[in-house]
Amino acid sequence: MKKSKKIILWSLLVCLLLGSAGFFGWTWYDNNVDRSGWREKDGVTMYADFHGKPVTGWQDIDGSRYYFAEDHALQTGWLEWDSHTYYLGTGGAMHTGWLDENGHTYYLNEDGTLHTLWLELEEGRYYLGEEGILRTLWQQIGDDRYYFDETGLMQRGWVELDDLHYFHEDGTLACGWLEIDDATYHLDDNGTPATGWLEWEESRYFFGQDGRMYTGQQEIDGKSYLFGESGVMHTGWLEDGTGKFYFLDDGTRASGWTEIGENRYFFNEEGIMHTGWLEQGEYLYYLLPDGTAAAGRQEVDGEVHYFTPKGIRVLLVNPWHPLPADYELNLVAVEGDYYVDAGCLDALNAMMDAMKAEGLLPMFSSAYRTEAQQRGIWKNYVQRYMAAGYDEATANAMTAAYVAVPGTSEHHTGLALDIVGHDYYYSGHPGSTKAVQAWLKEHCWEYGFILRYTQEKVAITGFNAETWHFRYVGTEVSMDMKDSGLCLEEYLGADKTQ
């Protein structure tokens, strides 16, 4: 009995020693032997920790981060966790940086969270929207428009798309007025810079092909314009150190003859307003100190001159205006012994040829006359009237109705002619004076001549009607007078008191 107890006690002792050894051995093993690593069970990937237990939640493994569900399964793809979105690759590692997935591009922050809205990186600025998808090309964000290239990079400055556009430093599309590098631009609602003419708030501007607003003096399509510092096209008068200029309502700088209000002005090729005498072709003008063309009766340098409503100086010779003492002639011969001033020769020949082409036979009965010749004519008429029984005073008065006092005859100018038909000299000849003068009455204007004396203007001209007397004034004057019904004195604003 004693022996049996002894055996039992030894057995218990041995069991106790073996159990203690096993416990301490397992404890040492569990604390010192790493049993971590990947596990695959029933198609599910798991990871065991140091003690060999499957993990859950976020785990940092070999420099990467993973997430394991409560059932220990490794998660891949998109993960929503703690109000944030993550992306775990096919191997389960948490993704950071750019990600292309299912046709979209995303950006994951360094902590793995999905980035949304604006993203600032070293290379520039991006926009990923509220859902985190990278935006490219045109985008409306809030009240503003932006443009992102194909990589999603937000654009700044000038960008050539379908048209040229400008984007501010914050990426917003520029519209309206824009100041860049000392240049001014105007962009429409689509952000496209204006080129060419722009009407804006009742003002006019011009922009070059590069969109820059013009200022100062500019040549556009061969015409001169002036733009102020604000770019507004100038109209109206402008005076500087070089002279006086005028810009028309369309902005072009006036040159040549220009109607401004009720007055006429002349501007040279540089646009400077002219004053003083001006000769153009066969015409002579005088521009008053204020630039307006002289019209009517004007006294210039102590001498009286007459100008048409358009400012053309016309020599007026009549009973109240004798030929100026300094008048210069340039006589040339025409048919027979007749002479005219060279200034009317070409027009006279053209008119005579036109009549002959229609079967008429015009002739001259008088052209240039000296004062001596005029005195002879005057004396001859007076003597004829006195021989008919009139006293000398009456004879002189009757002569004055048809013959100018020597020194006051238009024939002294070389610009006046008496034209008749062949029958005037040769009786029975088919060339009819009546037909010639009827043609001239209708057509002389076209060649720069006027029918000088008509019956209805006797009180003004001082002469009875002379159907044969024609005076050269140039086509610009004659055609202007043609339908006016005015005689030369009326047209020039001259009457007997002047």
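Residues numbered from 1 in each chain as written. Predicted model: local features only at pLDDT ≥ 70, side-chain atom pairs only at ≥ 80, totals over all residues. Heavy atoms only, no water.

A. Expanded view of the environment of Lys 457. Position of Lys 457 relative to the elements: it lies in the loop between β33 (449-453) and α6 (458-461). Lys 457 sits 363 residues away from Met 94 along the chain, and the two C-alpha atoms are 113 Å apart. Among the polar contacts made by the side chain of Lys 457, one reaches the side chain of Glu 490 at a distance of 3.0 Å. (Helix = DSSP H or I, 4+ residues; strand = E, 2+ residues; numbered from the N terminus. Polar contact = N/O pair within 3.5 Å; in protein donor to acceptor, adjacent residues only side chain to side chain.)

B. Representation of a negative patch on the surface within the structure. A surface patch of like charges, here negative, comprises Glu 160, Asp 162, Asp 163, Asp 188 and Asp 189. Note on Asp 163: relative accessible area 38%, which makes it partly exposed. (Patch = residues over 30% accessible without salt bridge, like charges linked within 9 Å, V, L, I, M, F, W, Y side chains within 5 Å. Areas by Shrake-Rupley, 256 points an atom, 1.4 Å probe, with all protein chains shown as cover. Salt bridge = Lys/Arg side-chain N within 4 Å of Asp/Glu carboxyl O. Lys, Arg positive; Asp, Glu negative; His and termini not counted. Charge placed at Lys NZ, Arg CZ, Asp CG, Glu CD. Buried < 20%, exposed > 50% of the residue type's maximum accessible area, 1.4 Å probe, protein only.)

C. The packing of aromatic side chains, seen in detail. If you walk through the whole model with that rule in mind, you get 45 aromatic pairs. Their ring planes at 50° and their centres at 4.5 Å tell us that Trp 257 and Tyr 285 sit as a pair that is tilted. Note that Trp 257 is positioned in strand β23 (residues 256-260) and Tyr 285 in strand β26 (residues 283-287), a separation of 28 residues in sequence. Taking the relative accessible area as the measure of exposure, Tyr 285 reaches 3% and is therefore buried. (Phe/Tyr/Trp six-rings, centres within 6.5 Å; stacked < 30°, edge-to-face > 60°.)

D. Here's a closer look at the pairing of strand β5 (residues 77-81). Direction of pairing for β5 relative to strand β6 (residues 84-88): antiparallel, over a ladder of five bridges. Across the sheet, the residue bridging to Trp 81 is His 84, located in β6. From the end of β5 to the start of β6, which pair antiparallel, there are two residues, and Asp 82 there has a positive phi angle of about 50°. (Pairing = 2+ DSSP bridges.)

E. Region of interest: helix α5 (residues 433-443). Taken residue by residue, α5 has Thr 433, Val 436, Gln 437, Trp 439, Leu 440 and His 443 as its buried positions. The buried residues of α5 occupy one face: seen down the axis, they fall within an arc of 155°. Of the exposed residues in α5, those oriented more than 90 degrees away from the buried face are Lys 434, Lys 441 and Glu 442. Looking at the buried residues of α5, the elements they touch are α2 (345-357), β31 (362-366), β32 (416-421) and β34 (466-472). Two or three places before Lys 434, at the start of α5, stands the capping residue Ser 432, its side-chain oxygen 3.2 Å from that residue's backbone nitrogen. (Arc of directions from axis to C-beta. Contact = heavy atoms within 4.5 Å.)

F. Representation of the sheet that holds β32 in the model. If you trace the four strands from one edge of the open sheet to the other, you get β31-β32-β34-β33, paired in antiparallel fashion. In this open sheet, the two strands that pair with only one neighbour each are β31 and β33. Adjacent strand axes in the sheet meet at a mean angle of 45° when their direction is disregarded. Across three bridges, β32 lies against β34 in antiparallel orientation. Across the sheet, Ala 416 pairs through a bridge with Arg 471, a residue of β34. Contacting β31, β32, β33 and β34, α2 crosses the sheet at an angle of about 135° to β31. Lying over the sheet, α5 contacts β31, β32, β33 and β34, oriented at roughly 135° with respect to β32. (Axes fitted to C-alpha atoms, helices over the stretch in contact; angles between N-to-C directions.)

G. Spotlight on the pattern of salt bridges. Evaluated as defined, the whole model comprises 15 salt bridges. Salt-bridge contacts for Asp 418 lead to Arg 369; the nearest nitrogen and oxygen are separated by 3.4 Å. You can see Asp 418 sitting in strand β32 and its partner Arg 369 sitting in the loop between β31 and α3 (371-387), a full 49 residues away along the chain. Since its relative accessible area comes to 6%, Asp 418 is described here as buried. Overall, Arg 369 belongs to the buried group, its relative accessible area being 13%. With its nearest N and O atoms 2.6 Å apart, the salt bridge here joins Glu 489 to Arg 452. Within this pair, whereas Glu 489 is found in helix α8 (residues 488-492), its partner Arg 452 is found in strand β33, the two being separated by 37 residues in sequence. For Arg 452, a relative accessible area of 2% translates into the label buried.

H. Molecular detail of the side chain of Ser 366. Tracing the backbone shows Ser 366 in strand β31. Judged by relative accessible area, Ser 366 falls into the buried class, the value being 9%. Within polar-contact distance, the side chain of Ser 366 engages the side chain of Arg 369 at 2.8 Å. Ignoring any residue separated from it by four or fewer positions in sequence, one finds Ser 366 in contact with Tyr 338, His 411, Leu 417 and Asp 418.

Note that every value here comes from positions in space, so none of it alone points to a role or purpose.
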